Amino acid sequence: MTDDQSTCLCPTPWPRLITVIEEREYNVTPAPAHSPASALYLAQCAACRTPYKHAWKRVPPPDPR
Ligand SMILES: [Zn+2]
């Protein structure tokens, strides 16, 4: 029995990761360790919506300057 359901189906795996918090999407990136947000929310592939079950962190928004 395999439990590897977390395989992205895109030609390039995990082209972009997002998380949805309170119906808003945020860009996230893989991280070596869980953060408080990643413990609460699952990230997912932005294209095929496969849940990404590893640690991630928020990508800071671009500096508007
Ligand atoms: Zn995907």
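Shown above is the structure to which this text applies.
The rules behind each value
- Residues numbered from 1 in each chain as written.
- Predicted model: local features only at pLDDT ≥ 70, side-chain atom pairs only at ≥ 80, totals over all residues.
- Helix = DSSP H or I, 4+ residues; strand = E, 2+ residues; numbered from the N terminus.
- Buried ≥ 20, exposed ≤ 12 C-beta atoms within 10 Å, placed from the backbone.
- Contact = placed C-beta atoms within 7 Å.
- Pairing = 2+ DSSP bridges.

> Before we move on, could you go through the overall build of the protein chain and cite the residues and values that matter?
Of the regular secondary structure elements, the protein chain holds 1 helix and 5 strands. Each helix and strand of the protein chain, placed in order from N terminus to C terminus, yields the pattern β-β-α-β-β-β. For the protein chain, the spread of C-alpha atoms along the principal axes amounts to about 50 × 25 × 25 Å. Expressed as a percentage of its 65 residues, the buried residues of the protein chain come to 14%. In the protein chain, the share of contacts with a sequence separation of at least 24, taken over all contacts with a separation of at least 6, comes to 57%.

> Please give an account of the environment of Ala46 that cites residues and values.
Locating Ala46 in the fold gives a position in the loop between strand 3 (43-45) and strand 4 (51-52). Residue class for Ala46 comes out partly exposed when judged on the 16 C-beta atoms lying within 10 Å of it. The spacing of Ala46 and Asn27 is 19 residues in sequence and 8.7 Å in space, taken between C-alpha atoms.

> Could you give an account of the pairing of strand 2 (residues 24-30), naming the residues involved and the relevant values?
When strand 1 (residues 17-21) meets strand 2, the two strands line up antiparallel, connected through 5 bridges. Across the sheet, residue Thr19 finds its bridge partner in strand 2, namely Tyr26. Taking the residues that link successive antiparallel strands as the turn, the strand 1-strand 2 hairpin has 2 residues, and the phi of Glu22 there is positive, at about 50 degrees. Relative to strand 5 (residues 56-58), strand 2 runs antiparallel, the two sharing 3 bridges.

> Describe in detail the pairing of strand 1, supporting the description with residues and values.
Here strand 1 pairs with strand 3 via 3 bridges, running antiparallel. Residue pairing across strands places Leu17 opposite Cys45, the latter belonging to strand 3.

> How would you sum up the sheet that holds strand 4? Please name residues and give values.
In any sheet, the strands associate via hydrogen bonds between backbone groups, in a parallel or an antiparallel arrangement. Taken together, 5 strands build an open sheet; the order of strands is 4-3-1-2-5 and the sheet is antiparallel. The open sheet has two free edges, formed respectively by strand 4 and strand 5, since each of these has just one partner strand.

> Outline the environment of Ala31, supporting the account with residue identities and numerical values.
Mapping Ala31 onto the fold places it in the loop between strand 2 and helix 1 (36-40). Taking the C-alpha atoms as reference points, Ala31 and Trp56, 25 residues apart in sequence, are found 4.4 Å from one another. Excluding residues within four positions of it along the chain, Ala31 makes contact with Ser38, Ala55, Trp56 and Lys57.

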